[in-house]
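# Descriptive analysis of the structure
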Amino acid sequence: MKKILPILKYAVIIIMIILSCLFIKNITDLNVLPTKYYVILLLVIILLNIGGAILLLLKKVWTKIVGGIICSLLLLISLIGIFSLGDVNKFLNKAFNNNTIEISTYKVVTLKSSKYEKIEDLKDKDLGYLSNDEHREEVLKNVEDKVSTEKKEYEDFYNIYQDFITEKIDAMVLDVVYLEILGDEFGSIYDCLDTCSFNDDYKVLDTFEIKTERKITDNHIDELKPFNIFVSGSDSRSNVIYNKSRSDVNMILTVNPNTKTVLMTTIPRDYYVQVHGQTGLKDKLTHAGIYGVDISRQTVEDLFDIEIAYSIKVGFPSVVKLVDLVGGVDIDSDREFNSYHMKGWTVKKGINHMDGAHALAYSRERYAYTSGDRHRVLNQQQVLEAVIKKVITNKSLLLKYNELLNSLSELYRTDMPKDVVTLLVKDQLENMNSWNFESQTVSGSDASSPTHTAPKSKRYVMIPYAQDVKRAHDKINEIMNN
């Protein structure tokens with residue numbers, strides 16, 4: 001027994017040192033602990049390892065007891081730290097640079113009053129499809145694998161809609177984004193007791209997805225430099241954030257960690273722009289999202305002649321959950337109005353405390369303002385600024401940022417590396433700096449023009465004011481270069 005005890009002591013010491021090293025490695029990998037606290041923690045762990053080992057090896061009984069207690073506590077702390085920090089690191093590696101796929105969802109639909117009940121009933125019937133759909137060949141093959149139809153090609157989804165409701169074609173296959181647009185713009189062709197839209201006019205015979213894999217690039221960074229983020233707010237009814245969708249919110253966040261400045265530049269969804277990679281007619285900026293968040297980002301880059309390092313796409317549920325997670329936000333409304341998106345709620349002039357659902361309704365409001373979408377973008381800036389300010393001024397929220405992200409992980413996707421967030425959190429925990437928030441919007445003139453997605457139809461667009469675009473470009477560069 002006397003021979004075994006020394007071996008056990010050395011074994012405990014070796015295990016203690018190994019676990020302590022793994023604990024320190026996890027803290028180092030996480031890289032959010034401010035330098036002064038990291039150094040203090042490192043010194044404490046080293047001293048406890050040395051002291052515990054020495055006391056455990058001394059011959060006096062009391063030193064062995066004290067050494068054993070120190071070693072036991074250190075082993076316990078290291079084990080808890082290894083597993084908890086390991087989970088955080090694992091989550092962060094999944095939560096960032098997670099823009100791995102994009103999904104386009106298609107539906108084969110026929111009028112609700114038709115006799116067709118399943119896709120096989122369309123054998124030899126007329127099926128309308130878009131000739132300029134980027135997945136056209138895959139879409140047609142997917143249908144053809146199930147049923148043989150007479151294909152009818154269209155350039156404009158509004159033209160498909162007209163032939164569909166007048167029964168010149170038996171069915172149509174469209175990306176759900178186009179179906180959502182039609183549902184937003186057109187009422188029901190049937191008599192409805194309540195308010196109905198085109199969404200109530202058709203039945204779905206088949207649904208399928210086309211997934212596009214995206215290559216993940218290693219964009220690890222070691223130090224913070226000024227950067228631009230493109231924020232795309234999806235208007236999709238789906239909670240699946242990987243689905244392609246129109247971008248209801250289009251915002252550039254210019255972040256300068258050196259001057260502690262955030263500039264929010266918001267662009268109206270109907271801005272008439274050249275969609276990146278597309279030739280011919282311009283289109284509404286919101287329609288760039290149909291081609292994916294990368295195309296939206298590149299379109300905005302082209303418009304302002306700037307570089308945008310990262311993009312993040314969020315949906316309606318993201319806003320609700322994030323605002324609720326930070327305990328709600330206080331918003332100063334410049335007028336009183338009855339909410340269009342939350343029936344029965346009156347926004348009072350002045351400060352309103354809003355939970356997630358109310359903040360979302362406020363962010364979407366445009367009908368209460370004569371300037372419509374021009375004012376809505378200001379509301380969106382208010383909500384975003386309120387959330388960011390609440391997080392960066394509250395240490396407890398900063399320390400729980402991984403919990404916030406974990407709760408939102410299925411509701412956003414981004415190509416931002418985790419280093420951006422961990423370095424920002426680390427700097428903020430160390431200095432608790434106050435940040436300066438600035439905002440700007442760009443505007444334009446109202447017009448009616450054909451678009452790339454609907455070349456045969458005229459729809460409302462906003463023609464950009466060149467001086468607004470230049471002013472925004474100059475301000476972004478000023479913040480980036482200070």
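Residues numbered from 1 in each chain as written. Predicted model: local features only at pLDDT ≥ 70, side-chain atom pairs only at ≥ 80, totals over all residues. Heavy atoms only, no water.

### Side note on the pattern of salt bridges
Worth spelling out the cut-off: Salt bridge criterion: a side-chain nitrogen from Lys or Arg within 4 Å of a carboxyl oxygen from Asp or Glu. In this scheme, a residue with accessible area under 20% of its type's maximum is buried, one over 50% is exposed, and one in between is partly exposed, where area comes from a 1.4 Å probe on protein chains only.
One pass over the full model with this rule turns up 27 salt bridges. Its salt-bridge partner being K118, residue D121 comes within 3.4 Å of it at the nearest N-O pair. Exposure remark for K118: the relative accessible area of 46% places this residue in the partly exposed category. Of the charged contacts in the structure, one is a salt bridge between E137 and R136, with a shortest N-O distance of 3.2 Å. Judged by its relative accessible area of 29%, R136 falls in the partly exposed class.

### Quick notes on the nonpolar core
The condition is simple: Here the nonpolar core consists of buried residues drawn from Ala, Val, Leu, Ile, Met, Phe, Trp, Tyr and Cys, with membership extended through side-chain atoms lying within 4.5 Å. Segments assigned H or I by DSSP are reported as helices when at least four residues long, segments assigned E as strands when at least two residues long, and all are numbered from the N terminus.
In this structure, I229, L253 and M416 are the most contacted members of the largest nonpolar core, which totals 40 residues. Where this core is concerned, the elements lending two or more residues are α1 (4–30), α2 (35–57), α3 (61–95), β6 (227–234), β7 (247–256), β8 (261–266) and α14 (418–431). Top element by residues in this core is α3. It accounts for nine residues. In this structure, I160, M172, L179 and I181 belong to the second largest nonpolar core, which totals 23 residues.

### Some words on the environment of I252
To keep it simple, the criterion reads: Any pair of residues with heavy atoms lying within 4.5 Å of one another is described as a contacting pair.
For I252, the location among the structural elements is in strand β7. Taking the C-alpha atoms as reference, I252 lies 23 Å from S333; in sequence the two are 81 residues apart. When neighbours within four sequence positions are excluded, I252 is seen to be in contact with N228, I229, L263, M264, T265, I267, V300, F304, I306, I308 and I476.

### Considerations on unusual backbone geometry
Of note in the backbone geometry, E167 takes a positive phi value of approximately 65° without being a glycine. Along the chain, E167 falls in the loop between α5 (157–165) and β4 (171–175). The exposure class of E167 is exposed, given its relative accessible area of 60%. Despite not being glycine, D305 shows a phi value in the positive range, around 55°. Relative to the helices and strands, D305 is located in the loop between α8 (293–304) and β11 (310–314). A residue is classified by how much of its surface remains accessible, and D305, at 61% relative accessible area, is exposed.

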